[in-house]
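# Tertiary structure, described
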Amino acid sequence: MTMIEGHIVPKVPDGVPVWDVDPYDPTILSDPQAYYADLRAKGPFAYIPRYGVLACGRYAETKEVFGDHTRFVSSRGVGLLDFKLEKPWRPPSIVLEVDPPYHAKTRTVLARALSPKAVAQLKEDFRDAAGKLVDELLEKGTFEAVEDMAEVFPVRVFPKAVGLKQVNRRALVDYGAMVFNALGPDNAIRRTALAKAPDIVPWIMEQCARENLETEGFGATIYAAADAGELTEEEAGMLVRSLLSAGVDTTVTGIGSALWCLASFPDQFERLKADPKLARPAFEEALRYTSPVHTFCRTADVDAEVSGVAIARDTKILCVLGAANLDGEYWPEAERFDITRRPTGHLAFGTGIHGCVGQNVARAEVEAVLSAIAEKVGAIDLTGEAVWRPNNAIHALDRMPLRFHPK
Ligand code: OVV
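Keep in mind that what you see is a predicted model, and the values were worked out from it rather than measured. (Residues numbered from 1 in each chain as written. Predicted model: local features only at pLDDT ≥ 70, side-chain atom pairs only at ≥ 80, totals over all residues. Heavy atoms only, no water.)

Our next topic: helix α12 (residues 218-227). Counting buried residues along α12, 7 of its 10 residues qualify, which places the element largely inside the surrounding structure. Every buried residue belonging to α12 is among Phe218, Gly219, Ala220, Ile222, Tyr223, Ala225 and Ala226, and all of these are buried. Along its buried surface, α12 packs onto α4 (102-113), α8 (152-162), α13 (233-246) and α18 (359-376). Looking one or two places after α12, you find Gly229, whose phi comes out positive at around 85°. (Buried < 20%, exposed > 50% of the residue type's maximum accessible area, 1.4 Å probe, protein only. Helix = DSSP H or I, 4+ residues; strand = E, 2+ residues; numbered from the N terminus. Contact = heavy atoms within 4.5 Å.)

Structural data, given as C-alpha coordinates:
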(Lines give C-alpha, C1' and ligand atoms only; values in the text may rest on other atoms or scores of the structure.)
Protein backbone atom coordinates (compact mmCIF):
# COMPACT_ATOMS: atom_id res chain seq x y z
CA MET A 1 0.00 0.00 0.00
CA THR A 2 1.46 3.32 -1.07
CA MET A 3 0.59 6.54 0.72
CA ILE A 4 0.91 10.17 -0.32
CA GLU A 5 -0.04 13.14 1.91
CA GLY A 6 -1.50 10.75 4.49
CA HIS A 7 -3.90 8.86 2.25
CA ILE A 8 -3.92 5.64 0.24
CA VAL A 9 -2.85 5.92 -3.39
CA PRO A 10 -5.42 4.17 -5.58
CA LYS A 11 -4.83 2.51 -8.95
CA VAL A 12 -5.70 4.75 -11.87
CA PRO A 13 -9.31 3.89 -12.78
CA ASP A 14 -9.91 2.64 -16.35
CA GLY A 15 -10.51 5.43 -18.83
CA VAL A 16 -9.25 8.19 -16.53
CA PRO A 17 -6.41 10.36 -17.87
CA VAL A 18 -3.25 10.79 -15.81
CA TRP A 19 -2.43 14.47 -15.46
CA ASP A 20 0.95 15.71 -14.33
CA VAL A 21 -0.14 18.96 -12.71
CA ASP A 22 0.31 20.51 -9.28
CA PRO A 23 -3.02 22.12 -8.33
CA TYR A 24 -1.25 23.56 -5.26
CA ASP A 25 1.42 25.38 -7.22
CA PRO A 26 1.23 29.01 -6.01
CA THR A 27 0.98 30.20 -9.63
CA ILE A 28 -2.11 28.05 -10.20
CA LEU A 29 -3.60 28.96 -6.81
CA SER A 30 -3.20 32.65 -7.65
CA ASP A 31 -4.63 32.40 -11.16
CA PRO A 32 -6.58 29.14 -11.46
CA GLN A 33 -8.78 29.77 -14.54
CA ALA A 34 -6.62 27.88 -17.08
CA TYR A 35 -6.17 24.97 -14.64
CA TYR A 36 -9.95 24.86 -14.12
CA ALA A 37 -10.54 24.74 -17.89
CA ASP A 38 -7.88 22.05 -18.42
CA LEU A 39 -9.34 19.94 -15.61
CA ARG A 40 -12.83 20.09 -17.12
CA ALA A 41 -11.40 19.24 -20.56
CA LYS A 42 -9.81 16.05 -19.19
CA GLY A 43 -13.22 14.45 -18.66
CA PRO A 44 -15.33 13.62 -15.60
CA PHE A 45 -12.19 12.85 -13.56
CA ALA A 46 -8.43 13.18 -13.91
CA TYR A 47 -5.86 11.28 -11.89
CA ILE A 48 -3.13 13.49 -10.41
CA PRO A 49 -0.11 11.28 -9.60
CA ARG A 50 1.72 13.95 -7.64
CA TYR A 51 -0.90 13.69 -4.88
CA GLY A 52 -2.43 10.28 -5.66
CA VAL A 53 -5.93 11.76 -6.01
CA LEU A 54 -8.80 11.83 -8.45
CA ALA A 55 -9.90 15.35 -9.32
CA CYS A 56 -13.22 16.53 -10.73
CA GLY A 57 -14.10 19.98 -12.03
CA ARG A 58 -17.14 19.47 -14.22
CA TYR A 59 -20.38 20.62 -12.63
CA ALA A 60 -22.22 17.29 -12.79
CA GLU A 61 -19.59 15.08 -11.17
CA THR A 62 -18.48 17.69 -8.64
CA LYS A 63 -22.06 18.10 -7.49
CA GLU A 64 -22.63 14.33 -7.39
CA VAL A 65 -19.51 13.59 -5.32
CA PHE A 66 -19.85 16.59 -3.04
CA GLY A 67 -23.51 15.99 -2.35
CA ASP A 68 -23.30 12.25 -1.65
CA HIS A 69 -22.34 11.94 2.02
CA THR A 70 -23.01 8.21 2.04
CA ARG A 71 -20.40 7.08 -0.47
CA PHE A 72 -18.10 10.11 -0.19
CA VAL A 73 -17.58 10.82 3.47
CA SER A 74 -16.30 13.85 5.38
CA SER A 75 -15.26 11.99 8.55
CA ARG A 76 -11.97 11.01 6.92
CA GLY A 77 -11.15 14.69 6.41
CA VAL A 78 -12.03 17.20 3.71
CA GLY A 79 -8.39 17.83 2.85
CA LEU A 80 -5.73 15.50 1.51
CA LEU A 81 -5.11 13.73 4.84
CA ASP A 82 -7.15 10.58 5.59
CA PHE A 83 -8.11 10.90 9.27
CA LYS A 84 -8.61 7.14 9.40
CA LEU A 85 -4.88 6.73 8.82
CA GLU A 86 -3.22 9.81 10.29
CA LYS A 87 -3.90 12.27 13.05
CA PRO A 88 -4.94 15.74 11.85
CA TRP A 89 -3.22 18.92 13.07
CA ARG A 90 -6.14 19.82 15.38
CA PRO A 91 -9.03 17.82 16.86
CA PRO A 92 -11.51 17.34 13.98
CA SER A 93 -14.45 19.69 13.61
CA ILE A 94 -17.55 18.07 15.10
CA VAL A 95 -19.72 19.35 12.24
CA LEU A 96 -17.53 19.54 9.11
CA GLU A 97 -15.41 16.45 9.64
CA VAL A 98 -18.10 13.99 10.77
CA ASP A 99 -20.83 11.92 9.10
CA PRO A 100 -24.44 11.15 9.96
CA PRO A 101 -25.99 10.28 12.30
CA TYR A 102 -23.73 12.27 14.66
CA HIS A 103 -23.55 15.15 12.16
CA ALA A 104 -27.29 15.88 12.41
CA LYS A 105 -26.99 16.66 16.12
CA THR A 106 -24.33 19.36 15.79
CA ARG A 107 -25.65 20.71 12.50
CA THR A 108 -29.10 21.20 14.06
CA VAL A 109 -27.65 23.38 16.81
CA LEU A 110 -25.59 25.49 14.40
CA ALA A 111 -28.55 25.86 12.04
CA ARG A 112 -30.59 27.16 14.98
CA ALA A 113 -27.90 29.64 16.05
CA LEU A 114 -27.52 30.90 12.45
CA SER A 115 -31.21 30.72 11.50
CA PRO A 116 -32.83 33.23 9.14
CA LYS A 117 -34.59 34.70 12.19
CA ALA A 118 -31.31 35.15 14.09
CA VAL A 119 -29.71 36.71 11.01
CA ALA A 120 -32.68 39.04 10.41
CA GLN A 121 -32.04 40.58 13.84
CA LEU A 122 -28.53 41.51 12.77
CA LYS A 123 -29.41 43.22 9.52
CA GLU A 124 -29.73 46.71 10.98
CA ASP A 125 -26.36 46.43 12.69
CA PHE A 126 -24.79 45.19 9.45
CA ARG A 127 -26.35 48.03 7.48
CA ASP A 128 -25.14 50.68 9.93
CA ALA A 129 -21.64 49.20 10.03
CA ALA A 130 -21.47 49.03 6.23
CA GLY A 131 -22.67 52.63 5.77
CA LYS A 132 -20.12 53.86 8.30
CA LEU A 133 -17.26 51.92 6.72
CA VAL A 134 -18.06 53.13 3.20
CA ASP A 135 -18.22 56.73 4.50
CA GLU A 136 -14.78 56.30 6.07
CA LEU A 137 -13.35 54.93 2.83
CA LEU A 138 -14.89 57.73 0.76
CA GLU A 139 -13.21 60.12 3.17
CA LYS A 140 -9.89 58.38 2.59
CA GLY A 141 -10.29 58.30 -1.19
CA THR A 142 -7.61 55.72 -1.97
CA PHE A 143 -7.40 52.62 0.22
CA GLU A 144 -6.29 49.01 0.37
CA ALA A 145 -9.34 46.86 -0.35
CA VAL A 146 -8.24 43.88 1.74
CA GLU A 147 -6.69 45.58 4.75
CA ASP A 148 -8.98 48.62 4.94
CA MET A 149 -12.27 47.07 3.87
CA ALA A 150 -12.58 43.30 3.35
CA GLU A 151 -10.94 42.45 6.68
CA VAL A 152 -12.46 45.34 8.57
CA PHE A 153 -16.14 44.69 7.99
CA PRO A 154 -16.43 41.04 9.15
CA VAL A 155 -14.18 41.75 12.13
CA ARG A 156 -16.45 44.65 13.15
CA VAL A 157 -19.71 42.70 12.92
CA PHE A 158 -19.10 38.94 13.21
CA PRO A 159 -17.36 38.63 16.61
CA LYS A 160 -20.15 40.80 18.00
CA ALA A 161 -22.77 38.53 16.42
CA VAL A 162 -21.06 35.51 17.99
CA GLY A 163 -20.85 37.35 21.31
CA LEU A 164 -17.05 37.35 21.68
CA LYS A 165 -15.88 39.54 24.54
CA GLN A 166 -12.45 40.02 22.99
CA VAL A 167 -11.63 40.82 19.36
CA ASN A 168 -8.22 40.20 17.82
CA ARG A 169 -8.38 40.89 14.11
CA ARG A 170 -5.08 39.23 13.16
CA ALA A 171 -5.82 36.07 15.16
CA LEU A 172 -9.33 35.75 13.73
CA VAL A 173 -8.31 36.27 10.10
CA ASP A 174 -5.15 34.18 10.32
CA TYR A 175 -6.88 31.30 12.11
CA GLY A 176 -9.35 30.94 9.23
CA ALA A 177 -6.54 31.04 6.66
CA MET A 178 -4.66 28.43 8.70
CA VAL A 179 -7.62 26.03 8.88
CA PHE A 180 -8.19 26.26 5.11
CA ASN A 181 -4.48 26.01 4.24
CA ALA A 182 -4.23 22.90 6.41
CA LEU A 183 -6.56 21.08 3.97
CA GLY A 184 -3.83 21.07 1.33
CA PRO A 185 -0.55 19.18 0.99
CA ASP A 186 2.46 19.62 3.25
CA ASN A 187 3.78 22.48 1.09
CA ALA A 188 5.42 25.79 1.99
CA ILE A 189 2.05 27.55 2.09
CA ARG A 190 0.69 25.11 4.67
CA ARG A 191 3.86 25.15 6.75
CA THR A 192 4.02 28.94 6.85
CA ALA A 193 0.36 29.15 7.88
CA LEU A 194 0.64 26.45 10.56
CA ALA A 195 3.77 28.04 11.99
CA LYS A 196 1.43 30.68 13.46
CA ALA A 197 -0.60 28.05 15.34
CA PRO A 198 1.22 28.33 18.69
CA ASP A 199 0.56 32.11 18.72
CA ILE A 200 -3.06 31.92 17.65
CA VAL A 201 -4.73 28.62 18.57
CA PRO A 202 -4.62 29.10 22.38
CA TRP A 203 -6.31 32.51 22.02
CA ILE A 204 -8.98 31.09 19.70
CA MET A 205 -9.74 28.16 22.00
CA GLU A 206 -10.01 30.47 24.98
CA GLN A 207 -12.64 32.60 23.24
CA CYS A 208 -14.79 29.49 22.71
CA ALA A 209 -15.35 29.01 26.44
CA ARG A 210 -18.71 29.97 27.90
CA GLU A 211 -17.25 32.57 30.25
CA ASN A 212 -15.73 34.47 27.33
CA LEU A 213 -19.03 34.82 25.49
CA GLU A 214 -21.82 37.32 26.00
CA THR A 215 -25.25 36.09 27.06
CA GLU A 216 -26.63 36.95 23.62
CA GLY A 217 -25.42 35.88 20.20
CA PHE A 218 -24.64 32.74 18.22
CA GLY A 219 -22.39 31.48 21.01
CA ALA A 220 -25.13 31.88 23.62
CA THR A 221 -27.56 29.86 21.47
CA ILE A 222 -24.98 27.08 21.23
CA TYR A 223 -24.37 27.04 24.99
CA ALA A 224 -28.15 27.08 25.57
CA ALA A 225 -28.20 23.75 23.70
CA ALA A 226 -25.65 22.47 26.22
CA ASP A 227 -27.87 23.67 29.07
CA ALA A 228 -30.78 21.79 27.49
CA GLY A 229 -28.74 18.59 27.42
CA GLU A 230 -28.46 18.48 23.63
CA LEU A 231 -24.68 18.90 23.69
CA THR A 232 -21.91 18.58 26.23
CA GLU A 233 -20.10 21.72 27.37
CA GLU A 234 -17.09 20.57 25.35
CA GLU A 235 -19.16 20.09 22.19
CA ALA A 236 -20.58 23.59 22.59
CA GLY A 237 -17.04 24.99 22.71
CA MET A 238 -16.13 23.02 19.61
CA LEU A 239 -19.10 24.46 17.70
CA VAL A 240 -18.02 27.98 18.63
CA ARG A 241 -14.60 26.97 17.28
CA SER A 242 -16.34 26.05 13.99
CA LEU A 243 -17.82 29.56 13.81
CA LEU A 244 -14.39 31.08 14.31
CA SER A 245 -12.84 28.66 11.78
CA ALA A 246 -15.28 29.24 8.95
CA GLY A 247 -16.90 32.60 9.67
CA VAL A 248 -14.19 35.20 9.23
CA ASP A 249 -11.67 34.49 6.47
CA THR A 250 -14.48 33.28 4.20
CA THR A 251 -16.48 36.50 4.42
CA VAL A 252 -13.30 38.58 4.21
CA THR A 253 -12.64 36.75 0.95
CA GLY A 254 -16.23 37.13 -0.23
CA ILE A 255 -16.16 40.91 0.27
CA GLY A 256 -12.73 41.27 -1.36
CA SER A 257 -13.71 39.18 -4.36
CA ALA A 258 -17.08 40.91 -4.80
CA LEU A 259 -15.24 44.26 -4.78
CA TRP A 260 -12.76 42.93 -7.31
CA CYS A 261 -15.65 41.92 -9.59
CA LEU A 262 -17.26 45.38 -9.37
CA ALA A 263 -13.91 47.14 -9.92
CA SER A 264 -13.13 44.88 -12.89
CA PHE A 265 -16.55 45.13 -14.58
CA PRO A 266 -17.69 48.77 -14.35
CA ASP A 267 -20.76 48.09 -16.52
CA GLN A 268 -21.97 45.68 -13.83
CA PHE A 269 -21.31 48.27 -11.12
CA GLU A 270 -23.45 50.72 -13.11
CA ARG A 271 -26.31 48.20 -13.04
CA LEU A 272 -25.90 47.76 -9.28
CA LYS A 273 -26.00 51.52 -8.73
CA ALA A 274 -29.13 51.79 -10.88
CA ASP A 275 -30.80 49.07 -8.80
CA PRO A 276 -29.21 48.55 -5.35
CA LYS A 277 -31.62 45.63 -4.82
CA LEU A 278 -29.22 43.70 -7.03
CA ALA A 279 -26.72 43.60 -4.13
CA ARG A 280 -27.76 40.08 -3.19
CA PRO A 281 -27.76 38.55 -6.68
CA ALA A 282 -24.49 40.41 -7.35
CA PHE A 283 -22.89 38.63 -4.38
CA GLU A 284 -24.28 35.30 -5.59
CA GLU A 285 -22.70 35.87 -9.01
CA ALA A 286 -19.41 36.97 -7.41
CA LEU A 287 -19.46 33.68 -5.49
CA ARG A 288 -20.00 31.70 -8.67
CA TYR A 289 -17.44 33.71 -10.59
CA THR A 290 -14.63 33.69 -8.00
CA SER A 291 -15.39 30.65 -5.74
CA PRO A 292 -13.83 31.78 -2.43
CA VAL A 293 -13.53 28.11 -1.40
CA HIS A 294 -11.95 26.63 -4.52
CA THR A 295 -11.35 23.02 -3.44
CA PHE A 296 -12.56 20.61 -0.77
CA CYS A 297 -11.98 16.84 -0.70
CA ARG A 298 -14.11 13.84 0.03
CA THR A 299 -13.01 10.24 0.66
CA ALA A 300 -14.69 7.27 -1.03
CA ASP A 301 -15.73 5.05 1.88
CA VAL A 302 -16.99 2.29 -0.47
CA ASP A 303 -16.27 1.22 -4.04
CA ALA A 304 -18.33 3.61 -6.16
CA GLU A 305 -19.11 4.54 -9.73
CA VAL A 306 -19.62 8.06 -11.01
CA SER A 307 -20.22 8.81 -14.71
CA GLY A 308 -18.96 5.33 -15.61
CA VAL A 309 -15.71 5.76 -13.63
CA ALA A 310 -14.95 3.09 -11.02
CA ILE A 311 -13.72 4.81 -7.86
CA ALA A 312 -12.01 2.47 -5.41
CA ARG A 313 -12.73 2.62 -1.69
CA ASP A 314 -10.24 4.88 0.17
CA THR A 315 -9.70 7.20 -2.83
CA LYS A 316 -9.34 10.89 -2.03
CA ILE A 317 -11.30 13.05 -4.45
CA LEU A 318 -10.40 16.66 -5.06
CA CYS A 319 -13.70 18.44 -5.71
CA VAL A 320 -12.71 21.59 -7.54
CA LEU A 321 -15.69 23.81 -6.79
CA GLY A 322 -14.10 26.76 -8.58
CA ALA A 323 -13.97 24.77 -11.84
CA ALA A 324 -17.56 23.51 -11.52
CA ASN A 325 -18.81 27.07 -11.00
CA LEU A 326 -17.33 28.06 -14.38
CA ASP A 327 -18.38 24.95 -16.34
CA GLY A 328 -19.75 26.14 -19.70
CA GLU A 329 -21.69 22.89 -20.08
CA TYR A 330 -23.83 23.98 -17.16
CA TRP A 331 -23.64 27.78 -17.09
CA PRO A 332 -24.55 29.79 -20.20
CA GLU A 333 -21.67 32.16 -20.96
CA ALA A 334 -19.90 30.83 -17.88
CA GLU A 335 -16.97 33.23 -18.22
CA ARG A 336 -19.20 36.31 -18.12
CA PHE A 337 -19.75 38.15 -14.82
CA ASP A 338 -23.42 39.13 -14.90
CA ILE A 339 -25.08 40.36 -11.70
CA THR A 340 -28.55 39.60 -13.08
CA ARG A 341 -27.75 35.94 -13.73
CA ARG A 342 -29.16 34.52 -10.45
CA PRO A 343 -26.85 31.52 -10.44
CA THR A 344 -28.97 29.06 -8.50
CA GLY A 345 -27.12 25.84 -7.82
CA HIS A 346 -23.60 27.30 -7.69
CA LEU A 347 -21.31 25.24 -5.50
CA ALA A 348 -19.51 28.08 -3.72
CA PHE A 349 -21.29 27.13 -0.47
CA GLY A 350 -20.99 23.43 -1.25
CA THR A 351 -24.12 21.30 -1.52
CA GLY A 352 -25.84 18.57 0.44
CA ILE A 353 -25.85 17.99 4.19
CA HIS A 354 -22.51 19.78 4.67
CA GLY A 355 -23.55 22.87 2.66
CA CYS A 356 -22.39 26.06 4.40
CA VAL A 357 -24.49 26.48 7.53
CA GLY A 358 -23.49 30.14 7.79
CA GLN A 359 -24.46 31.11 4.27
CA ASN A 360 -27.27 33.39 5.44
CA VAL A 361 -24.88 35.30 7.66
CA ALA A 362 -22.44 35.62 4.75
CA ARG A 363 -25.21 36.85 2.45
CA ALA A 364 -26.43 39.38 5.00
CA GLU A 365 -22.91 40.76 5.54
CA VAL A 366 -22.02 41.12 1.89
CA GLU A 367 -25.46 42.42 0.93
CA ALA A 368 -25.03 45.18 3.51
CA VAL A 369 -21.62 46.12 2.11
CA LEU A 370 -22.67 46.07 -1.55
CA SER A 371 -25.85 48.03 -0.81
CA ALA A 372 -23.87 50.73 0.98
CA ILE A 373 -21.47 50.95 -1.97
CA ALA A 374 -24.36 51.11 -4.45
CA GLU A 375 -25.93 53.97 -2.51
CA LYS A 376 -22.86 56.06 -1.79
CA VAL A 377 -20.16 55.34 -4.36
CA GLY A 378 -20.23 56.82 -7.87
CA ALA A 379 -17.23 55.00 -9.34
CA ILE A 380 -14.64 52.46 -8.27
CA ASP A 381 -11.12 52.75 -9.70
CA LEU A 382 -8.55 50.03 -9.53
CA THR A 383 -5.51 52.24 -8.97
CA GLY A 384 -2.91 49.46 -9.21
CA GLU A 385 -2.56 45.74 -9.59
CA ALA A 386 -4.86 43.29 -7.78
CA VAL A 387 -2.68 40.53 -6.28
CA TRP A 388 -4.09 37.16 -5.19
CA ARG A 389 -2.84 35.28 -2.11
CA PRO A 390 -2.23 31.57 -2.65
CA ASN A 391 -4.13 29.40 -0.15
CA ASN A 392 -4.59 25.63 -0.43
CA ALA A 393 -8.39 25.87 -0.20
CA ILE A 394 -9.32 29.55 -0.56
CA HIS A 395 -9.02 31.81 -3.58
CA ALA A 396 -8.55 35.22 -2.04
CA LEU A 397 -7.03 38.60 -2.74
CA ASP A 398 -3.84 39.58 -0.98
CA ARG A 399 -4.15 43.26 -1.83
CA MET A 400 -5.95 45.59 -4.21
CA PRO A 401 -5.55 49.37 -4.25
CA LEU A 402 -8.90 51.08 -4.87
CA ARG A 403 -10.35 54.55 -5.02
CA PHE A 404 -14.01 55.26 -4.26
CA HIS A 405 -15.41 58.37 -5.92
CA PRO A 406 -18.45 59.86 -4.17
CA LYS A 407 -21.76 59.99 -6.02
C1 OVV B 1 -12.56 25.23 7.11
C2 OVV B 1 -13.88 24.97 7.73
C3 OVV B 1 -15.02 25.08 6.98
C4 OVV B 1 -16.24 24.80 7.56
C5 OVV B 1 -16.30 24.40 8.89
C6 OVV B 1 -15.14 24.30 9.65
C7 OVV B 1 -13.94 24.59 9.06
C8 OVV B 1 -15.19 23.85 11.06
O9 OVV B 1 -14.20 23.98 11.78
O10 OVV B 1 -16.24 23.33 11.48
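Text resumes after the structure shown.
Turning next to the packing of aromatic side chains. Aromatic rings in a pair are described by how distant their centres are and how their planes are angled relative to each other. Inspection of every chain in the model, using the stated rule, returns 18 aromatic pairs. Taking the centre distance of 5.4 Å and the plane angle of 25° together, the rings of Phe265 and Phe337 count as stacked. One end of the pair, Phe265, is in the loop between α14 (249-264) and α15 (266-274); the other, Phe337, is in the loop between α17 (321-324) and α18, with 72 residues separating them in the sequence. Classification of Phe265 as partly exposed rests on a relative accessible area of 23%. Under the relative-accessibility criterion, Phe337 is labelled buried at 4%. The side chain of Arg288 reaches across the aromatic face of Trp331, ending 5.5 Å from its centre. (Phe/Tyr/Trp six-rings, centres within 6.5 Å; stacked < 30°, edge-to-face > 60°. Lys NZ or Arg CZ within 6 Å of the ring centre and 35° of its normal.)

For the pair α14 and α18, the least separation of the axes is 10 Å and the interaxial angle reads 35°. Crossing of α14 against α18: the hand is right-handed. Side by side, α14 and α18 meet where Thr251, Ile255, Ala258, Leu259 and Leu262 of the first sit next to Ala362, Glu365, Val366, Val369, Leu370 and Ile373 of the second. Looking at the contact of α14 with α18, its residues break down into 9 nonpolar, 1 polar and 1 charged. (Axes fitted to C-alpha atoms, helices over the stretch in contact; angles between N-to-C directions. Left-handed = near helix turned anticlockwise from the far one by under 90°. Nonpolar A, V, L, I, M, F, W, Y, C, P; charged D, E, K, R; others polar.)

With that settled, the discussion passes to the nonpolar core. Grouped burial of nonpolar side chains is what soluble globular proteins tend to show. Among the nonpolar cores identified, the biggest contains 114 residues, and Met149, Phe153, Phe218, Ile222, Ile373 and Phe404 are the most heavily contacted of them. Of all the elements, α18 adds the most residues to this core, at 10 residues. Grouped together as the second largest cluster of nonpolar side chains are 29 residues, Tyr47, Cys56, Val293 and Ala304 included. (Core = buried A, V, L, I, M, F, W, Y, C linked by side-chain atoms within 4.5 Å.)

Moving on, we get to the environment of Gly184. Looking at the element boundaries, Gly184 is found in the loop between α9 (169-181) and α10 (188-194). Not counting chain neighbours up to four residues away, the residues in contact with Gly184 comprise Tyr24, Leu80, Arg190 and Asn392.

Moving on, we get to the site of the ligand. The environment of the ligand is made up of Arg90, Ser93, Val95, Leu96, Val179, Phe180, Ser242, Ser245 and Ala246. For the ligand, an oxygen atom lies 2.6 Å from a polar atom in the side chain of Ser93. In the environment of the ligand, an oxygen atom lies 2.6 Å from a nitrogen or oxygen atom belonging to the side chain of Ser242. Burial of the ligand by the protein chains amounts to 90% of its free accessible area of 290 Å². Counting only elements with at least two residues in the shell around the ligand, the list comes to α9 and α13. It is α13 that contributes the most residues to the shell around the ligand, 3 residues altogether. Of the residues that constitute the shell around the ligand, the class distribution is 5 nonpolar, 3 polar and 1 charged. (Near = heavy atom within 4 Å. Polar contact = N/O pair within 3.5 Å; in protein donor to acceptor, adjacent residues only side chain to side chain. Areas by Shrake-Rupley, 256 points an atom, 1.4 Å probe, with all protein chains shown as cover.)

Summarising the sheet, strand β12 (residues 387-390) and strand β13 (residues 395-399) pair through 4 bridges and their orientation is antiparallel. Paired with Val387 across the two strands is Arg399, which belongs to β13. Joining the antiparallel neighbours β12 and β13 is a turn of 4 residues. (Pairing = 2+ DSSP bridges.)

Moving on, we come to the pattern of salt bridges. All chains considered together, the criterion is met by 31 salt bridges. As a salt-bridge pair, Lys105 and Glu235 come within 3.1 Å of each other at their nearest N and O atoms. With Lys105 in helix α4 and Glu235 in helix α13, the pair connects residues that are 130 residues apart, well separated along the chain. On the basis of relative accessibility, which here comes to 33%, the residue Lys105 falls in the partly exposed class. A salt bridge links Arg170 to Glu151, with the shortest nitrogen-to-oxygen separation between them at 3.1 Å. With a gap of 19 residues between them, Arg170 in helix α9 and Glu151 in the loop between α7 (145-150) and α8 connect regions that are remote in the sequence. Taking the relative accessible area as the measure of exposure, Arg170 reaches 39% and is therefore partly exposed. Through salt bridges with shared partners, a single network forms among Glu151, Arg169, Arg170, Asp174 and Lys196. (Salt bridge = Lys/Arg side-chain N within 4 Å of Asp/Glu carboxyl O.)

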